[in-house]
Each structure stands twice: as structure tokens, then as C-alpha cells.
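Given next are the chains, with one letter for each unit.
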Amino acid sequence: MAAGLEKGLHLHFDPCSGIAGDMTVAALVDAGVPEKIVREAVRAVGVKGLKVGFEKRKRGAFVGLGFTVSWPGKAKEDGHGHDHGHDHGHEDGHDHGHDHGHEDGHEDGHGHGHGHDHAHRDYAEIRRLLRRSALGAEAKKLAGEIFERIAVAEAELHGFAVDRVRFHEVGAWDSIADIVGAAAAVVWLEPKGVTSSPPALGWGTIHTAHGLMPVPAPATAAILRGLPTSSEGKGEITTPTGAAILASLVGAFGPPPAMRLRAQGFGAGTREHADRPNVLRVLLGEPLGQALPAAENQVVLVAANVDDMSPQLMEPLMTALFAAGAVDAWSTAILMKKGRPALEIAALCPPAALPAVEAAFFANSTTIGLRRQLMQRTVLDRATAKVATPYGEVRVKVATRDGEILGATPEFEDCRKLALRAQVTVRKVVAEANTAALLLVRPGRRKRG
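Residues numbered from 1 in each chain as written. Predicted model: local features only at pLDDT ≥ 70, side-chain atom pairs only at ≥ 80, totals over all residues. Heavy atoms only, no water.

Draft legend 1. Quick peek at the overall build of the protein chain. In terms of regular secondary structure, the protein chain is built from 12 helices and 19 strands. Counting all 449 residues of the protein chain, 51% fall into the buried class. Of all intrachain contacts in the protein chain linking residues separated by at least 6 positions in sequence, the fraction that spans at least 24 positions is 70%. (Helix = DSSP H or I, 4+ residues; strand = E, 2+ residues; numbered from the N terminus. Buried < 20%, exposed > 50% of the residue type's maximum accessible area, 1.4 Å probe, protein only. Contact = heavy atoms within 4.5 Å.)

Draft legend 2. Spotlight on the sheet that holds strand 15 (residues 341–349). If you walk across this open sheet you meet the 4 strands as 14-15-13-16, and the pairing is antiparallel. The sheet is open, and its two borders are formed by strand 14 (328–335) and strand 16 (371–376), each paired with just one other strand. The sheet shows a mean angle of 25° between the axes of neighbouring strands, direction not considered. Sheet topology note: the strand 14/strand 15 ladder contains 8 bridges and is antiparallel. Paired with Trp330 across the two strands is Ala346, which belongs to strand 15. Each of strand 14 and strand 15 touches helix 9 (residues 314–323); the most contacted strand, strand 14, lies at about 140° to it. Each of strand 13 (298–306), strand 15 and strand 16 touches helix 10 (residues 354–364); the most contacted strand, strand 15, lies at about 160° to it. (Pairing = 2+ DSSP bridges. Axes fitted to C-alpha atoms, helices over the stretch in contact; angles between N-to-C directions.)

Draft legend 3. Representation of the environment of Gly269 in the model. Here Gly269 is to be found in the loop between strand 10 (259–268) and strand 11 (279–287). Here the alpha-carbon distance between Gly269 and Ile19, two residues 250 residues apart in the chain, equals 9.2 Å.

Draft legend 4. Structural detail: the pairing of strand 18 (residues 392–401). Taken together, the 9 bridges between strand 17 (residues 381–389) and strand 18 define a ladder with antiparallel strand orientation. Each bridged residue has a counterpart across the sheet, and for Arg382 the counterpart in strand 18 is Ala399. Hairpin connection, strand 17 to strand 18: the antiparallel pair is bridged by 2 residues. Sheet analysis places strand 18 next to strand 19 (residues 404–410), joined by 6 bridges and oriented antiparallel. Bridging across to strand 19, Val396 finds its partner in Pro410.

Draft legend 5. Spotlight on the nonpolar core. Membership of the largest hydrophobic core comes to 69 residues, with the highest contact counts inside it found for Phe13, Phe67 and Ile176. Once residues lying within four places of it in the same chain are set aside, the contact partners of Ile176 are Val45, Val47, Leu50, Arg121, Leu129, Phe147 and Gly181. (Core = buried A, V, L, I, M, F, W, Y, C linked by side-chain atoms within 4.5 Å.)

Draft legend 6. Just the packing of aromatic side chains, in detail. Applying the stated criterion across every chain, the model contains 2 aromatic pairs. An angle of 40° between the planes, with centres 5.2 Å apart, marks the rings of Phe54 and Phe67 as tilted. Separated by 13 residues along the polypeptide, Phe54 in strand 2 (residues 51–59) and Phe67 in strand 3 (residues 62–70) bring together distant segments of the chain. For Phe54, a relative accessible area of 16% puts it in the buried group. When its relative accessible area of 0% is taken as the criterion, Phe67 is described as buried. (Phe/Tyr/Trp six-rings, centres within 6.5 Å; stacked < 30°, edge-to-face > 60°.)

Draft legend 7. Structural context of the packing of helix 11 (residues 412–422) against helix 12 (residues 426–441). In contact at an axis separation of 8 Å, helix 11 and helix 12 are set at 125° when each is read in the N-to-C sense. By the angle class used here, helix 11 and helix 12 are oblique. Crossing angle aside, the handedness with which helix 11 passes helix 12 is right-handed. Every residue of helix 12 that contacts helix 11 at Phe412, Cys415, Arg416, Leu418 and Ala419 is listed here: Val426, Val429, Val430 and Ala433. (Parallel < 35°, antiparallel > 145°, perpendicular 65-115°, else oblique. Left-handed = near helix turned anticlockwise from the far one by under 90°.)

By themselves, these are just geometric observations and shouldn't be taken as functional.
Structural data, given as C-alpha cells:
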């Protein structure tokens, strides 16, 4: 847990063991969100007797934080199906992962594995509860969005009105605490951005009162429709509540962006898994500049051999190729038949830019033919950042892979402009910028004054 955690960091979810509502709350608090933020938010909803707490749990090789929820009569209801424990084994025949909801008329023992007649809260009632609560405006809005995603998914799957989606009382208490607690914690963090690795959903089947159900649960699959996921893990390890939290918060899925890590937190479920520790990890870090768009992994190599063009035309040709969309271009001295000196001119471009690049070749060179070849490439994730030098700020391009910073290169044109202004050599500015950029890669080497 981070002491004195700053706000405005980047938040990254690492749901390699899945994600559930309670694990989200616990992971955020373990990372440094004050416990009182969650406690006060749950209290602000105004559900009499609803209490929350935190406890240390060891799962596999990790010690994480657990989030507990209690309410009047919980002892009688214990073990009857809620998202809270991230309990996906279902060995006892109760549908623990499906706290989310069902249609009217399921009180006869066929609703989500419960053979008793429990009280219910429908989505319309939960929405009124949130609207009348003393929650802050931003937390109230985010909690409402998360609940809405679950309700809409259920309504579409079962073919009834959204307001008629009902939450078992047990599930409703846990869902209110989990969703409100997670929303309040995220709002307190004020993250500059939120990303996530593709969540592991699990695979196989689970036992419910309706019989065998496939994993992921239909509601989970509906909520995550169109988003990247993984089928790793046995059983159901991502719940509808966890899926709705990701769908509501995450701006991009993939590895964490380039950032200087400030904190991590582990939210632990109630069970041990045989193949992986039952924890959700979150990472918080200071972003290193602005992430650049992901590079195309498929490009076209366009090339021509010319032996009758003045070298003076190379510069305008290169300018035209880049303007047309080439991501790189170069020339190589070659010898053609009968020993004639020539140039091989080549350019790489995305497939969509191929017509424009070919047009630039023909308009700005003497070639009468082009070769092209479709190629695959691997490109590191990139971001732009700024470093301070004695001559002013210089932009640097930061290269990362799977969140690890591998290099940071100063922009040459920035160095040239600063050198001209300060009347020093470009080489001197580049050296200062490289020294500053090195601290992004290895911050521990910063000199102490």
C-alpha cells in the first residue's frame, strides 16, 4: 500500500485472474485509496445496517486485501450467491457469480440457485436509491453507469424491460457496496487515464439451478462485447459486476503505457485457485508523456532501381514519399548490369497509403516501374514526453514493451532549434537531452544535489 498516494496518476487493471466487484474495491484501497472513502460512500447510500470492512488475505504467493460486506440477516443468507467473494467454483450448487439480476417471478426456487424466497430490489429501485443518496455527483454518475450496464445486458438477454431487472437481496447488498465503493475509489483517484490488460474470463461450465451454464456467463459476455478478452482460467473468474466496471472505466486494452510506477494493489477473492493466485492487481503510475497511436503491424515495401536520375532530386522525392504516407524511406547505392551505378529507392507504407506513395514515386522520380511486397513488422509502443535541459525543454520519444521502458530518444529538430538560440553546438544540446532522457529509463541514477 502506498503512503500518501498522489492523485491524477494513470490507473491500469491487471485482471489475469479475472475481476469481480469486491476485488476491485480491495485492490484500489490496497494501492492507497483511503479506506474511509469507501466506507463513507457506502454509508452515503443510506441502506440501514449495510457495513463494509477490509481484511488481509493470502492467495497463492501474494498477500492481498479482501473487501467484506455485512447486512442485517446476513448469517441466514450466507453462501447464497453473490459476486462479493469472487467465488467461481460453484461446487455447492449455488450460483455465486450471478448476483446481477433476473426477471419477476423467479422467487419459486429457480432464480439463480436460491431455493428460498428472498426479497428483491429491481433496477428502478436501485436507481432511485442512488439518486436520493448523499454520494458525490461524480461517484453517483459512475455507479449508475455500472449498474445500468448490468441491467441492460440482463434485459437484452431475457427479453424484458430494463426497470424489471431484479437483484436478489443478497446480490443487491453486495452489488451496492461493490459498485458504490469502486466508483468512489476511482473518483477519489482522479486518474489521468485508465487502461487494462485483457481480462481472463475462464472457461468450462458452472452449475446453477437452471442446469449447466457456459463460461463466461451470458451477461458477462454481453457486457464485454467488442472488447479484448482471454479464455484463461478454470471456471468463471470474471463476473458481470467486474466486467461492467471495466467496460465503464477502461479507455484502452493492452499492456500498461509508459509510466513511472508509484503504487500497486492486490484485491483478493475468498477462494484459492489451483492454476493462479485469486487476486486482481492494479498499477498506478505517473504517465511519461502522451501515448502515440499504435503503429501498423502490416506494411508494404515499395522499391525501384533508377540509373538515370540526378541525386539532387532525391530530397524532393523523399519529402513527397513521406507526405504521401510513407513511414520510412531510403536509398542505397547499387551496381546494375554492365557496371552502371544506380540507386535503389525504397519506402515502407501502410496498405491504405499505397496508392498515394506509388503516385509520389512516379511523379517525383524517373522510374517507370515499382516492386511491392507485403510485410509484417513488430513495433514497440511509443509515447512522447519532455525533458528539461540547460537550454530548454526537448521532446523525447519513449519506447516501451509490455510496460517496460526500453529507450528514450531526443527529437533532433528540438535540439537544433535550442542550439541555434543558445549559440552552442547541436551536439552539446543532444548530449544534455540524452542525459535527461536516460533518467526516464533508469530514474535511480539521478544525481543527488
